[in-house]
Amino acid sequence: MNIHNTILPRMRYLLILLCFSCFWAKAQKHAVADTYNLEQFQQRVLQDNDTLYVVNFWATWCGPCVKELPHFKALSQELNNKPIKFIMMSLDAQANLPLLNDFLQKKKVNIETHLFAAGDPNIWINQLEPSWQGSIPATFLYQKGRKLSFKESYFSTKKDLKSYIINHR
Amino acid sequence: MKKLFASLIAVCSIAFASTAQNGYKIGSEVKDFQLKNIDGQMISLATIPDAKGYIVIFTCNHCPYAKAYEERIIQLHLKYAPQGFPVVAINPNDPKVSPEDSYNKMQLRAKEKGYPFVYLYDETQAVAKQFAAVRTPHVYLLQNTEGRNTVQYIGAIDNNWENHMLAEQKYVEQAIKNLQEGQPVTKPETKAVGCTIKWKE
C-alpha cells in the first residue's frame, strides 16, 4: 500500500477543512452577552490587579451609544496586547437579551458584554456614582479595585476616547 | 505666592462646581416660561387654571424609556389634573439630532395616543437648561403657592421602567400625597436611567 495514495489526500482534506473552519470562526467572532447583577458587576471590575477596566453603559436603542460603539470596538482591538479590558454594560430590558445578542452578532461586537439587571436604579446609580444623573452613554474607568473616573456623555471620536483613558489612568 | 496660587485654584474649582450644578434644586423658585403647545397655542404655567402645582416632565417621542412611561404619564394626568396637579410635558430634543422628536411628530404622537395634557416644544432648549434637565423622562414636581412655583421633587416617575406592575415605589404619586397632606416630600430626589437630552450640536 502506498502512503501517498491513501493517508495524504485525506490529510489534505482535513487541513482544508480546518483552515475553512478557522476562517468561519473568525468571521463569526462576536461576544455573547449574559445577565449581570450589581454584585457580579462589582466583582468583575473591582479587582485588585493592574488591569484597567473601561466600562461603557449603553443600550442598543440609544443613538449616541451606538454611534460611539465603533470607537470602543476599534480601540479595544488596538490596545489588545495592553492590560486594558473593555466591558460593555447594556441597559436594555431584561426580556431583550436575545435582541442584544442579535445586535452584537450583526455589528460584530467582540467586546465582553453583559446585560445589567440590577433592580432599583435609584439604588444602583447612586452606588456606582452619586453624580450620575442616569443618562447614557456613561463610561467608567476602574483599576486596582477602585473607580478612577466617570464620564456622563459620549465620545465623538476614537481619539477622544483614547485620550480620556490615557489622561485618567 | 504659592499660597495665592493655591487659593486661586480653589476659587476656580468652586466656580466650576457651581456652574456644573446650575439649574433648579429642591425648593428653588421656578421662573415661568412660554412654549408652543402641539395645538399651536403658547402656554405658560400661569395660563393653566386652578393648578396647585404641576407635574413637569421632560419627555419625547423617540426614547424607549419615555415610551415605556407614556401610558403612566397619561394616567398621572388623568388622576391628578382634577386634583390640581396637571402634567406639563416638554420635549427638549433637537430634531436635527433626533428627527423623531420634531414638532410635527410630536403632534402626530399626541393625536395617536390622545394625550390629555399639554405637550410643549422647547425649541431653543432654554427651559430644559433652566431646569438643568438631563434625560427623558425627567420629572420636576412643582408646588404653586399663590403664583410662586417651587420645586418639590426631582427624579423618576417610579422605580421600575420595564414593568409598572413591579414598581414598588411610585415616587411622583407619593410626593403629591405628601404635598396634599401639607408635609415635605419624603423622597425629594431619585435617580433613573433615561435617554440623554439631544442638545443642539
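The structure under discussion appears in the preceding block.
Small disclaimer: the values here were computed from a predicted structure and weren't measured.

1. Details of the environment of Y121 of chain B
Residues and elements named next belong to chain B. With respect to the helices and strands, Y121 occurs in strand β5 (residues 118–121). When its relative accessible area of 10% is taken as the criterion, Y121 is described as buried. C-alpha separation for the pair Y121 and K177, spaced 56 residues apart in sequence, amounts to 29 Å.

2. Notes on the side chain of Q130 of chain B
All names here are of chain B. Tracing the backbone through its elements, the reader meets Q130 in helix α4 (residues 126–131). Of the polar contacts made by the side chain of Q130, one reaches the backbone oxygen of K31; its length is 2.8 Å. Beyond its immediate stretch of four places on either side in the chain, Q130 contacts G23, Y24, V30, K31 and F33.

3. What about the layout of surface pockets?
In this structure, the second largest pocket encloses a volume near 500 Å³. At the level of secondary structure, the elements contributing two or more residues to the lining of the second largest pocket comprise α3 (63–78) of chain A together with α4 and β9 (194–196) of chain B. When the residues that make up the lining of the second largest pocket are grouped by side-chain class, the tally is 13 nonpolar, 6 polar and 6 charged.

4. Details of the pattern of salt bridges
Oppositely charged side chains may form a pair once their charged atoms are brought near each other. Scanning all chains against the criterion turns up 13 salt bridges over all chains. With its nearest N and O atoms 3.1 Å apart, the salt bridge here joins E173 of chain B to K79 of chain B. On the criterion of sequence distance, the pair formed by E173 of chain B in helix α5 (residues 171–180) and K79 of chain B in helix α2 (residues 64–80) is long-range, its members being 94 residues apart. Residue class for E173 of chain B comes out partly exposed when judged on its relative accessible area of 27%. Put simply, K105 of chain B and E100 of chain B hold a salt bridge, and the shortest N to O gap is 3.8 Å. According to the relative accessible area criterion, K105 of chain B is partly exposed, its value standing at 33%. Overlapping salt bridges bring together R44, K85 and E112 of chain A as one network.

5. Focus: the sheet that holds strand β3 (residues 84–90) of chain A
All names here are of chain A. The strand order across the open sheet built from 6 strands is β1-β4-β3-β2-β6-β7, with neighbouring strands paired in mixed fashion. What marks the edges here is a single partner per strand, and that holds for β1 (34–36) and β7 (146–151). Within this sheet the neighbouring strands show an average axis-to-axis angle of 30 degrees, counted without direction. Of the pairings in the sheet, the one linking strand β2 (residues 52–58) to strand β6 (residues 138–143) comprises 5 bridges and is antiparallel in character. Its bridge partner lying in β6, N56 is registered against T139.

What counts, and where the lines are drawn
Residues numbered from 1 in each chain as written. Chains lettered and ligands numbered in written order. Predicted model: local features only at pLDDT ≥ 70, side-chain atom pairs only at ≥ 80, totals over all residues. Heavy atoms only, no water. Helix = DSSP H or I, 4+ residues; strand = E, 2+ residues; numbered from the N terminus. Buried < 20%, exposed > 50% of the residue type's maximum accessible area, 1.4 Å probe, protein only. Polar contact = N/O pair within 3.5 Å; in protein donor to acceptor, adjacent residues only side chain to side chain. Contact = heavy atoms within 4.5 Å. 1 Å grid on protein atoms, 1.4 Å probe; cavity = no way out; pocket = protein on both sides within 12 Å on 5 of 7 lines; lining within 4 Å. Points joined across faces, edges and corners; volume = space filled by probe spheres on them. Nonpolar A, V, L, I, M, F, W, Y, C, P; charged D, E, K, R; others polar. Salt bridge = Lys/Arg side-chain N within 4 Å of Asp/Glu carboxyl O. Pairing = 2+ DSSP bridges. Axes fitted to C-alpha atoms, helices over the stretch in contact; angles between N-to-C directions.

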